[in-house]
Amino acid sequence: MVMVAMTGASGAGKSSIANELLARGFAVQMEVGRQIVSEQIATSSTNTPFQNAVGFRDLLFVRSVAAYDRWIQHKAPVVFFDRTFIEALAFSHIIGEPISTSMLHEAQKRSFHPVAFVCSPWQEIYRKDNERSHDFEFAKRDYDANCKSYSNAGYELIEVPKLSIEERADFVLENMAL
């Protein structure tokens, strides 16, 4: 099984690419962070990036690792991840919190394809919504932290060009030789 990470800036089109890949029949793990924020808002809980950043980070890490582990049992030849547990490590840097030894240990036990696809900040398509209340400046910090965390973990980063959703999905597939 090949597990492929997509990372980058908030609001840069990763979920749109993931939805396009899903529509083409590929297995996709949709972004866990957005699911968490949606659930936290719906239940009036506070583990969101804007209310309890550490609580959100911890929940993001645990749920992202669990999602990875569920896919290991799946029979799909390729699974695309719209963000991964590595983003939880990157978020630690953004909020100025240390990464626990146990988090690092759990992250190091799991890996993705050596190439990670990166979507850079794209002002023209960036939008706030219920799950994304931060500004574009935060999206740029998110991008920098994610790129640094993936690079530090040994992944080769390939920038996804700013094209149509279909062309971006094609680019990812072509660069994976799928």
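For the structure itself, look to the data block above.
The following refers to the structure shown.

Conventions adopted
- Residues numbered from 1 in each chain as written.
- Predicted model: local features only at pLDDT ≥ 70, side-chain atom pairs only at ≥ 80, totals over all residues.
- Heavy atoms only, no water.
- Helix = DSSP H or I, 4+ residues; strand = E, 2+ residues; numbered from the N terminus.
- Rg over C-alpha atoms; globule rule 2.2 N^0.38 Å.
- Buried < 20%, exposed > 50% of the residue type's maximum accessible area, 1.4 Å probe, protein only.
- Axes fitted to C-alpha atoms, helices over the stretch in contact; angles between N-to-C directions.
- Parallel < 35°, antiparallel > 145°, perpendicular 65-115°, else oblique.
- Left-handed = near helix turned anticlockwise from the far one by under 90°.
- Contact = heavy atoms within 4.5 Å.
- Nonpolar A, V, L, I, M, F, W, Y, C, P; charged D, E, K, R; others polar.
- Phe/Tyr/Trp six-rings, centres within 6.5 Å; stacked < 30°, edge-to-face > 60°.
- Pairing = 2+ DSSP bridges.

### Section: the overall build of the protein
Within the protein, the regular secondary structure consists of seven helices and five strands. Traced from its N-terminal end to its C-terminal end, the protein shows the element sequence β-α-β-α-α-β-α-α-β-α-β-α. What you see for the protein is a C-alpha radius of gyration of 15 Å, in line with the 16 Å of a compact globule of 178 residues. Projected onto its principal axes, the C-alpha coordinates of the protein cover approximately 40 × 35 × 30 Å. Expressed as a percentage of the 178 residues in the protein, the buried residues total 48%.

### Some words on the packing of helix α3 (residues 53-72) against helix α5 (residues 101-108)
Running from amino to carboxyl end, α3 crosses α5 at an angle of 30°, the nearest separation of the two axes being 11 Å. Comparing their axes, α5 and α3 come out roughly parallel. Crossing hand, α3 versus α5: left-handed. Of the residues in α5, those in contact with Arg57, Asp58 and Phe61 of α3 are Met103, Glu106 and Ala107. Partitioning the contact of α3 with α5 into residue classes produces three nonpolar, no polar and three charged.

### Notes on the environment of methionine 103
Inspection of the secondary structure puts methionine 103 in helix α5. Residues methionine 103 and phenylalanine 85 lie 18 residues apart in sequence; the distance between their C-alpha atoms is 9.4 Å. Those residues within four positions of methionine 103 in sequence are excluded, and the remaining contacts are Arg57, Asp58, Phe61 and Leu89.

### Quick word on the packing of aromatic side chains
The geometry of two aromatic rings is summed up by the distance between their centres and the angle between their planes. Going through the model one piece at a time under the given rule, you end up with 10 aromatic pairs. When the centroid spacing of 5.6 Å and the interplanar angle of 85° are considered together, the rings of phenylalanine 56 and phenylalanine 91 count as edge-to-face. Remark: phenylalanine 91 occurs in helix α4 (residues 86-95) and phenylalanine 56 occurs in helix α3; sequence separation between them is 35 residues. You'll find phenylalanine 56 and phenylalanine 91 in the same group, each marked buried. Relative to phenylalanine 112, the ring of phenylalanine 85 lies with its centre 5.4 Å away and its plane at 35°, an arrangement referred to as tilted. Remark: phenylalanine 112 occurs in the loop between α5 and β4 (115-119) and phenylalanine 85 occurs in the loop between β3 (78-82) and α4; sequence separation between them is 27 residues. The class of phenylalanine 85 is buried, set by a relative accessible area of 2%. An aromatic cluster is built from Phe61, Tyr68, Phe81, Phe85, Phe112, Tyr150 and Tyr155, whose rings are joined through pairwise contacts.

### Observations concerning the sheet that holds strand β2 (residues 27-29)
Read from one edge of the open sheet, five strands run β2-β3-β1-β4-β5, paired in parallel fashion. Two strands bound the open sheet, and with one partner strand each, they are β2 and β5 (156-159). Along the sheet, successive strands turn relative to each other by an average axial angle of 30°, direction set aside. In this structure, β4 lies alongside β5, joined through four bridges in parallel fashion. Its bridge partner lying in β5, alanine 116 is registered against leucine 157.

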